[in-house]
Amino acid sequence: MSGRLPSATSPHLKPLSDNVRGALPTPIEAQDFPVEDDLADFAECSTRRKARTIAIAVLYEMDVVRHPVHQCLAWDLYREAARPETMEFARSLVEGVRQHLVQLDERIHRLAPAWPVSQLSPVDRNLLRTAIYEVTVTTTTPPKAAINEAVELAKLYGGESSPRFINGVLGSVMEQAGH
């Protein structure tokens, strides 16, 4: 998924009236957001990557907007683009992170004390929570696969330094776990 922003020339946006347009800050150049391309990319993802993408999106929404989990997981976009087993894995990740949230955040705090968990970007925070949950709590995913997936998702959805930061913190998790 590209995460590109809509441009002012997007056919899906309505033009603003002159009195509203004058009150807005100067426009910032942005790229088009082709939803069809994003859905095609999403459909080509592996089942596990798709589930992790859904889990991160749900955790992000719960974290930032505070929507209830059932509302986030009910997105028609995801249900239509994902198989039941994908949704089940995503749901298990979300529920696992929610159940272990305090322990996961404490671990992140210990491993990255210079970065308070509350000040991390919501994407990085939830990528770390999910990957640490997979590496330390579940036994269904090989730890290196969970870390690799987290770094790849950080490249797609995080900031410029996110992949390096995620990899560093998760490397410390692996050292502590003796892997």
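Reading the values: rules and limits
Residues numbered from 1 in each chain as written. Predicted model: local features only at pLDDT ≥ 70, side-chain atom pairs only at ≥ 80, totals over all residues. Heavy atoms only, no water. Salt bridge = Lys/Arg side-chain N within 4 Å of Asp/Glu carboxyl O. Helix = DSSP H or I, 4+ residues; strand = E, 2+ residues; numbered from the N terminus. Buried < 20%, exposed > 50% of the residue type's maximum accessible area, 1.4 Å probe, protein only. Polar contact = N/O pair within 3.5 Å; in protein donor to acceptor, adjacent residues only side chain to side chain. Contact = heavy atoms within 4.5 Å. Axes fitted to C-alpha atoms, helices over the stretch in contact; angles between N-to-C directions. Parallel < 35°, antiparallel > 145°, perpendicular 65-115°, else oblique. Nonpolar A, V, L, I, M, F, W, Y, C, P; charged D, E, K, R; others polar. pLDDT = per-residue confidence, 0-100.

What follows is about the pattern of salt bridges. Overall, the coordinates contain eight salt bridges when judged by the stated rule. Between Asp105 and Arg129 there is a salt bridge, with its nearest N and O atoms 2.7 Å apart. Separated by 24 residues along the polypeptide, Asp105 in helix 7 (residues 101-111) and Arg129 in helix 8 (residues 122-136) bring together distant segments of the chain. Overall, Asp105 belongs to the buried group, its relative accessible area being 18%. Judged by relative accessible area, Arg129 falls into the buried class, the value being 7%. The residue Glu152 makes a salt bridge to Lys155 at a minimum N-O spacing of 3.1 Å. With Glu152 and Lys155 both in helix 9 (residues 143-157), this residue pair falls three residues apart, about one helical turn.

Further remarks concern the side chain of Asp63. By secondary structure assignment, the location of Asp63 is in helix 3 (residues 47-64). Looking at Asp63, its side chain comes within polar contact range of the side chain of Arg125, at 2.7 Å. Aside from chain neighbours lying at most four places away, what touches Asp63 is Pro122, Arg125, Asn126 and Arg129.

Our next topic: the packing of helix 7 against helix 8. A pair of packed helices is captured by two measures, namely the crossing angle of their axes and the spacing between those axes. In contact at an axis separation of 10 Å, helix 7 and helix 8 are set at 105 degrees when each is read in the N-to-C sense. Classified by the angle their axes make, helix 7 and helix 8 are roughly perpendicular. Residue-level inspection shows Leu101, Leu104, Asp105, Arg107 and Ile108 of helix 7 in contact with helix 8, the latter providing Arg125, Leu128, Arg129, Ile132, Tyr133 and Thr136. Here the residues of the contact of helix 7 with helix 8 sort into six nonpolar, one polar and four charged.

Further remarks concern the confidence of the model for the protein. Looking at the protein as a whole, the pLDDT averages 75, with 67% of positions reaching at least 70. No element of the protein has a lower mean pLDDT than helix 1 (residues 18-21), which averages 38, and none a higher one than helix 8, which averages 95. For residues 1-44, every residue scores under 50 in pLDDT, and the model assigns this stretch 40 contacts once sequence neighbours within four places are set aside.

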